[in-house]
Amino acid sequence: MQPAPRITVFGSLHMDIVVQAPRQPRLGETLAGSSWRPVPGGKGLNQAVHAARHGAAVRMVGRVGTDDFAGPLLAHLARHGVDARGVRRMEAAGTGMSVAIIEAAGDYAAVIVSGANQCVDGDDVAAVAAGPADLLLLQYEVAPAALAPAARAAKAAGARVVLNAAPAAPAPAGLLASVDLLAVNAIEAEMLSGMPVADLAGAHRALAALAAQVPAVVLTLGADGLLLAERGGSACHIPGHRVAVVDTHGAGDALIGALACRLAAGDGLAAAARYGNAAAALMVASAGADPAAITVDAVDALLAAEARRKADRP
């Protein structure tokens, strides 16, 4: 049996307050929602859990406060088999949180308050470097100054570095030089490339510009799937899967966590991206931010069904 791929996630932990509403409220409007629920989240935590769900041995490095949100977040990581010994509690700042409003059609918008996530520093970088890993997974919801040192430390230890440049923001100085794979959505691609991504042609132009900066890029396009390119190669489009949209919240994190797991296990970029794309489709088709339906078997079944459909086309 092959050993589990080892992934370190250096990232955010938030308690998400998820509100169901018919639509987003207009400025100054009070809108009646139908329900709300607390959901463990943050891009770091979500991607760590998804990577573990698909078979990786995952370490989480980050920070929480000493408030009532911290315990449930750490328990959530433990429940999904994520090693949370690198997550430190601190009294000087509260645990990160967000409020996400889910519309009836499944789309969402959110506001985050990063709290303790913005307090990561050199001690956390040392924790990243201390653990063996095949891959380091980064996002932008922690203190930006810590990202480039963490990436350099992981590279020096022989790990690949995957950056999900989200939420959209300029890249911290020196970070992209250590990144092996950059994963962005259309808004993030516009921010980093300076090119509009209003259609597929624009996405291809932004992809080419980003692929000149890093060895490989994945640009997610929602229902249209994703584009990927490796430096010196041609772009590849992986279409989206045809599923009924229930809730788009967390779909990007499902994709990145699954993709990172398969990359760390030795898959090529295209195969890993196809796997992650299928995991995201299952997430979109499932109710709630942490559905049990997203399993290795379910992803394999969706990919097999899509392959059969393609084979049956005249």
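Scroll up to find the structure this text is about.
Residues numbered from 1 in each chain as written. Predicted model: local features only at pLDDT ≥ 70, side-chain atom pairs only at ≥ 80, totals over all residues. Heavy atoms only, no water.

Caption draft 1: Region of the structure containing the environment of Val39. Secondary-structure assignment places Val39 in strand E3 (residues 35–41). Given the relative accessible area of 8%, Val39 is considered buried. Taking the C-alpha atoms as reference points, Val39 and Gln2, separated by 37 residues in sequence, lie 33 Å from one another. (Helix = DSSP H or I, 4+ residues; strand = E, 2+ residues; numbered from the N terminus. Buried < 20%, exposed > 50% of the residue type's maximum accessible area, 1.4 Å probe, protein only.)

Caption draft 2: Fine view of the sheet that holds strand E9 (residues 160–164). One open sheet holds the 9 strands; their spatial order is E5-E4-E1-E8-E9-E10-E11-E12-E13, and the pairing between them is mixed. A strand with exactly one partner marks an edge of an open sheet, and here the two such strands are strand E5 (83–89) and strand E13 (236–238). Along the sheet, successive strands turn relative to each other by an average axial angle of 15 degrees, direction set aside. Where strand E1 (residues 6–10) and strand E8 (residues 135–138) come together, 4 bridges link them in parallel fashion. Note on E8: the bridge partner recorded for Phe10 is Leu138. This element, helix H4 (residues 147–156), spans E1, E8 and E9 of the sheet and lies at about 170 degrees to E8. (Pairing = 2+ DSSP bridges. Axes fitted to C-alpha atoms, helices over the stretch in contact; angles between N-to-C directions. Contact = heavy atoms within 4.5 Å.)

Caption draft 3: How the structure looks around the pattern of salt bridges. In the structure shown here, the tally under the stated rule is 12 salt bridges. Measuring nitrogen to oxygen at the nearest pair gives 2.9 Å for the salt bridge that ties Asp124 to Arg63. On the criterion of sequence distance, the pair formed by Asp124 in helix H3 (residues 122–130) and Arg63 in strand E4 (residues 57–64) is long-range, its members being 61 residues apart. Owing to a relative accessible area of 1%, Asp124 belongs among the buried residues under this scheme. Look at the salt bridges and you will find they share partners, linking Arg63, Arg88, Asp121, Asp123 and Asp124 into a network. (Salt bridge = Lys/Arg side-chain N within 4 Å of Asp/Glu carboxyl O.)

Caption draft 4: Expanded view of the nonpolar core. Counting residues in hydrophobic clusters, the biggest one holds 42 residues, and the most contacted among them are Ile7, Val58 and Leu77. Ranked by the residues each element gives to this core, the list is headed by helix H7 (residues 251–264), at 7 residues. Residues contacting Val58, with those up to four places away along its chain left out, are Ile7, Val9, Ala48, Ala51, Ala52, Gly81, Val82 and Asp83. Core analysis: the next-biggest nonpolar cluster, separate from the first, contains 39 residues, Val184, Leu207, Leu210 and Leu219 among them. (Core = buried A, V, L, I, M, F, W, Y, C linked by side-chain atoms within 4.5 Å.)

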